[in-house]
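Descriptive structure summary
Chain residues, written in single-letter form:
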Amino acid sequence: MRRTRVLTAVLTLAAGLLTGGPPALAAGAPEPATALAADTYTWKNARIDSGGFVPGIVFNRSERNLAYARTDIGGAYRWQKAPKTWTPLLDSVGWDDWGHTGVVSIASDSADPDRVYAAVGTYTNDWDPKNGAVLRSTDRGASWRKADLPFKLGGNMPGRGMGERLAVDPNRNSVLYLGAPSGKGLWRSTDSGASWSRVANFPNVGNYAQDPSDTSGYASDNQGIVWVTFDESTGTSGRATRTVYVGVADKENAVYRSTDAGATWERLAGQPTGYLAHKGVLDTGNGHLYLSYSDSGGPYDGGEGRLWRYATATGTWTDVSPVAEADTYYGFSGLTVDRQDPGTVMATAYSSWWPDTQIFRSTDSGATWTRAWDHTSYPNRENRYTMDVSSVPWLTWGAHPSPPEQTPKLGWMTEALEIDPFDSDRMMYGTGATIYGTENLTDWDGGSKFTVTPMVRGLEETAVNDLASPPSGAPLLSALGDIGGFRHTDLAKVPSMMFTQPTFTSTTSLDFAESNPNTVVRVGDLDSGPHIAFSTDNGAHWFAGTDPSGVSGGGTVAAAADGSRFVWSPRGAGVYHTSGFGTSWSASSGIPDGAVVESDRVDPKTFYGFKSGKFYVSRDGGATFRASAATGLPGGDSVRFKALPGAEGDIWLAGGASDGAYGLWHSTDGGKSFTALRGVDEADTIGFGKAAPGASYQTLFTSAKIDGVRGIFRSTDRGESWTRINDDAHQWGWTGAAITGDPRVYGRVYVATNGRGIVYGDTSATGGGDDGGGGTGPGPDPGPTGACAVSYEIINQWPDGFQAQAQVTNTGSTAWNGWSLTWAFPDGQRVSQLWNGAHTQSGSAVTVRNTDWNGTVAAGSSVGFGFTASRSATNTEPTAFELDGRACTVT
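The following paragraphs examine the structure supplied in this document. Since this is a predicted model, take the numbers as computed values, not measurements.

By the definition in use, this model includes one disulfide. Shown here is the disulfide that connects Cys788 with Cys888, its sulfur atoms set 1.9 Å apart. Between Cys788 and Cys888 the sulfur-sulfur dihedral comes to about -95°; the bridge is accordingly left-handed. With Cys788 in strand β61 (residues 788-798) and Cys888 in the loop between β71 (886-887) and β72 (889-890), the pair connects residues that are 100 residues apart, well separated along the chain. Classification of Cys788 by relative accessible area gives buried; the value is 4%. Overall, Cys888 belongs to the buried group, its relative accessible area being 10%.

Written out as structure tokens, the structure is:
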């Protein structure tokens, strides 16, 4: 479930969207300069519940219920036991560091459970322009500090399910090891991850690449050092663990050991050859090192594999594989030991795609095994488990397979498998689409069935290609990588099924008829079958269209304003148009292959296109296009544009690249000419939402860089002034695919992310004019002179720290130009990190001042900031706040 994500990232990167500074503006008289204001938004996910590959799950070994999950492009998460949800930890990763949302390894410090580390970086080739880093946190991931590395890491590279590559010495927790890819070797930190140096005497950097002939550098990269395991029994508290095992991507020399705390290393004698060691898990109670082997690095491939047990005291190797080598058609990867009952070990056949994955369990140190399912008389099978996916019903994929295949499947790409070290009944494992788990695992051994359910709520991991919010029907339709897309009738509930009939592997574009929103069209990728589908009931049900000759992928699609016709620009073929629902297509003339297409939202015969700096217009339903005379537009193809609903010929265009024109343009004459918006340094998306109270023009939303600040922005006055509506704690890496407002709810915006799913935000502002001063009118008053209100909320806390957020509302009648909020902590709390403001603290007194972008706060608007802080046993909330010396109402 990840191949298409690679393509998504490549397409966005190859376009050059993510580097460089402001481009030159297009020709033409610029519109008035922008003015930034601030508003406080509440951000949530439209619930899907995962949707992508979870290659790693890590339990802390000393604190109950402390666990982390890593994803390949969607960040890291911490488990919350009471609500049984996951909390995202890397939403603060910004646009320029988008690659740091790929997590190649995560490590939880058992000596100090507040400490957690993440090795981040998405690609080791040139798709990711930046090097990797190790992030370190002393507050369980609520805040992070970063140590940059002199090489890249590959959270979304082949071999990413092996590991963990990052490990903390359980006896001397200032010591960490990191296995690097690309021939960079083994690295060590002796200062709790603040700095790193290469272990010069480690003898093997690895030599395995999935496909050495791949010229892109993706499959041809050396997968390097893939796991580190400490034998905690060989150390004492405060002294470095003496015995350390390291796994290397080398089929002949896969495992190395040091018995002197890393001073010297040797190849483990007598080890099996011909396979890669995906995992190395140590049972110190019995002195057994278990290793899961595959003939390839995964996570998709693997045709053979073995399980081996190494006796650490005697050096004896024993093949403990649950099946004969000749009977494997898969590799082994997922591997775990029950810490409450160390003779119990489990493993997965991660690459058994058909008919299902397999999970193996032994209660006698690998001497004998049982399976999660067995064939009775082929093709029938008997399961030791029951599955309940009622909380995430789309996991059935709407499939009706023939035996021995079942739905829902037990999984695929099952490289993460962990038994809770404090609870033998709880086990979690990652798949290509979710995290499954059980809380009655030991029923397996007694002949009863254990129950498997999704344990994934809060973890959202889809790559979003397109979004639409119709004026009636469902509030949100989505086009997603890997799992197609959904119709959300309730943003807080998981939809019952993804789009089916046909079920695209990835949906690349969708549209609805503006004046007839029941008519919807989507296009996407599919190994075989049609690449276009239609709905006449607002996306609730679908039927397939037919493809023109040569179509190889979805491309982009546009529906006429009244739903009477469609224009499609598929991959692999030219641009086509049709009347009706695509039973036959005619080639459009005058527009190049691969053009992005959109429709006018008023005139049903007008369609638009863009390709390589040229804007194209059709007035005859897409039959013929002509290039407009507009100049100064971006020269590349990294452009997204939309026509405004209700206003014929009103078009907004965003995009560009750092080596040329890059920004936001507006046309009011149907694309004949465009005007660049001054102050918009870079813009990548554009969308529309309900007009602000008292405003006549719809609200604009964009993911952009405006006046030097990157973020998600809103304008209620045609782009004359802008409000940054996200903050530094909510950035979600790359957000350049799509954005749309909600035509029914003022201020609501839906943001496409590349790995964190669909994020939506609602404003706390009330009334009109909430974007503050700007334009060419008089500026705001020099400082707060009216009333204020403050809300303060603790959103997360742990034994010696907490995270809180505050919102300050201008309840007066004039705008603020700069603000300063003060309060006193009752219990000695101290702020350790604060975002969206600048803070000082003297004793219990805290002062927070505005940043350079959120000082202007219009009457009726709000500004917010968040922080982490230390605390003692009590954490009483402050009850009094002052704004520039005047008391505020506390709400």
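Glancing now at the pairing of strand β43 (residues 576-579). Direction of pairing for strand β42 (residues 565-571) relative to β43: antiparallel, over a ladder of four bridges. Residue Trp568 lies in a different strand from β43, and its bridge partner there is Tyr576. The antiparallel hairpin formed by β42 and β43 contains four residues in its connecting segment, where Gly572 sits at a positive phi of about 90°. Two elements, β43 and strand β44 (residues 586-587), share two bridges in a ladder whose sense is antiparallel. Across the sheet, residue Tyr576 finds its bridge partner in β44, namely Ala587.

Looking now at the sheet that holds strand β17 (residues 255-258). Within the open sheet, the four strands sit side by side as β15-β16-β17-β18. Their pairing is antiparallel. Two strands in the sheet have a free side with no partner beyond their single neighbour: β15 (225-230) and β18 (266-267). Judged from the two bridges that link them, β17 and β18 form a sheet pairing that is antiparallel. By the bridge assignment, Tyr256 is partnered in β18 with Arg267.

Attention shifts here to the pattern of salt bridges. Enumeration over the complete set of coordinates arrives at 28 salt bridges. Among the salt bridges present, the one from Arg601 reaches Asp511, with a minimum N-O distance of 3.2 Å. One end of the pair, Arg601, is in the loop between β45 (596-599) and β46 (607-611); the other, Asp511, is in strand β37 (residues 506-513), with 90 residues separating them in the sequence. For Arg601, a relative accessible area of 9% gives the class buried. For Asp511, a relative accessible area of 7% gives the class buried.

When you tally the buried positions in strand β50 (residues 651-656), you get six out of six residues, the bulk of the element. Summarising the sheet, strand β49 (residues 639-643) and β50 pair through five bridges and their orientation is antiparallel. Among the inter-strand pairings, Lys642 is bridged to a residue of β50, identified as Trp652. Pairing of β50 with strand β51 (residues 662-667) involves six bridges; the strand directions are antiparallel. Paired with Gly655 across the two strands is Gly663, which belongs to β51. In this antiparallel pair of consecutive strands, β50 and β51, the connection spans five residues.

Read from one edge of the open sheet, four strands run β7-β8-β9-β10, paired in antiparallel fashion. The open sheet has two edge strands with one neighbour each: β7 (103-108) and β10 (145-148). Each strand axis lies, on average, 20° off the axis of its neighbour in the sheet, ignoring direction. Of the pairings in the sheet, the one linking strand β9 (residues 133-137) to β10 comprises four bridges and is antiparallel in character. Each residue of the ladder has a partner; that of Arg136, found in β10, is Arg145.

Turning our eyes to something else, we now look at the environment of Asp800. Here Asp800 shows up in the loop between β61 and β62 (801-810). Judged by relative accessible area, Asp800 falls into the partly exposed class, the value being 38%. In contact with Asp800, not counting residues within four places along its chain, are Asp114, Ala869, Ser870 and Arg871.

Backbone torsion omega between Gly163 and Glu164 reads 10°, so that peptide bond is classified as cis. Structurally, the position occupied by Glu164 is in the loop between β10 and β11 (166-168). A positive phi angle, close to 70°, is found at Ser50, a residue other than glycine. Position of Ser50 among the secondary structure elements: in the loop between β2 (41-45) and β3 (56-59). Despite not being glycine, Arg718 has its phi angle at roughly 60°, a positive value. The exposure class of Arg718 is partly exposed, given its relative accessible area of 42%.

In this section: the nonpolar core. Nonpolar side chains in soluble globular proteins tend to end up buried together. If you look at the biggest cluster of nonpolar residues, it comprises 64 residues, and the most contacted ones within it are Trp394 and Ile435. Here this core gets three residues from one element, more than from any other, and that element is strand β31 (residues 427-430).

Scoring rules and cut-offs
Residues numbered from 1 in each chain as written. Predicted model: local features only at pLDDT ≥ 70, side-chain atom pairs only at ≥ 80, totals over all residues. Heavy atoms only, no water. Disulfide = S-S within 2.5 Å. Helix = DSSP H or I, 4+ residues; strand = E, 2+ residues; numbered from the N terminus. Buried < 20%, exposed > 50% of the residue type's maximum accessible area, 1.4 Å probe, protein only. Pairing = 2+ DSSP bridges. Salt bridge = Lys/Arg side-chain N within 4 Å of Asp/Glu carboxyl O. Axes fitted to C-alpha atoms, helices over the stretch in contact; angles between N-to-C directions. Contact = heavy atoms within 4.5 Å. Core = buried A, V, L, I, M, F, W, Y, C linked by side-chain atoms within 4.5 Å.

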